[in-house]
Amino acid sequence: MLSLDLHPIFRNNRDIELALRQFLFKANHSGERVVEIIPGKGSGRLKARVLAFLDQKHIRKLYVRREVDTGNTGRILIYFR
């Protein structure tokens with residue numbers, strides 16, 4: 001399973017967007033069925049930012065669904081076709 005950990009870049013907005021975009025395109029083209037993004041638990045602001053990014057119309061076309069892991073709320077699972 002491909003994984004993107006956002007802990008090292010959580011303070012830089014431009015790097016976060018770039019990392020998310022590159023990761024999703026790579027995951028989409030790799031054939032993986034499920035990937036994970038790890039924003040961490042923290043205050044929840046980074047997770048909210050990631051979810052808002054994933055909900056953008058042009059990004060939403062890349063994947064089937066997304067969900068916050070029920071066992072670990074600091075992890076977001078993305079499902080592809």
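Predicted model, so just to flag it, every value in this text is computed and none were measured.

Draft legend 1. Representation of the environment of Val64. Among the secondary structure elements, Val64 is positioned in the loop between α3 (57-60) and β3 (65-68). Classification of Val64 as partly exposed rests on a relative accessible area of 37%. Discounting residues that sit within four places of it in the chain, Val64 has contacts with Tyr79, Phe80 and Arg81.

Draft legend 2. Inspection of the nonpolar core at higher detail. If you look at the biggest cluster of nonpolar residues, it comprises 22 residues, and the most contacted ones within it are Leu20, Leu24, Ile37, Val50, Leu54 and Ile78. Residue assignment for this core shows that the elements contributing at least two residues are α1 (13-30), β2 (34-38), α2 (45-54) and β4 (76-79). Considering every element that reaches this core, the biggest residue donor is α1, with 6 residues. For Leu20, the contacting residues outside a window of four places in its chain are Leu4, Leu6, Ile37, Val50 and Phe53.

Draft legend 3. Just the sheet that holds β2, in detail. Taking strand neighbours across the sheet as the criterion, the 4 strands line up as β1-β2-β4-β3 in an open arrangement whose pairing is mixed. Whereas interior strands pair on both sides, the edge strands pair on one side only; in this sheet they are β1 (3-5) and β3. Averaged over all adjacent pairs, the angle separating strand axes in this sheet is 15 degrees, with direction ignored. One ladder, built from 4 bridges, connects β3 with β4; its direction is antiparallel. Note on β4: the bridge partner recorded for Arg66 is Ile78. Strands β1, β2 and β4 of the sheet are contacted by α1, whose axis makes an angle of about 165 degrees with β2.

Rules used in this analysis
Residues numbered from 1 in each chain as written. Predicted model: local features only at pLDDT ≥ 70, side-chain atom pairs only at ≥ 80, totals over all residues. Heavy atoms only, no water. Helix = DSSP H or I, 4+ residues; strand = E, 2+ residues; numbered from the N terminus. Buried < 20%, exposed > 50% of the residue type's maximum accessible area, 1.4 Å probe, protein only. Contact = heavy atoms within 4.5 Å. Core = buried A, V, L, I, M, F, W, Y, C linked by side-chain atoms within 4.5 Å. Pairing = 2+ DSSP bridges. Axes fitted to C-alpha atoms, helices over the stretch in contact; angles between N-to-C directions.

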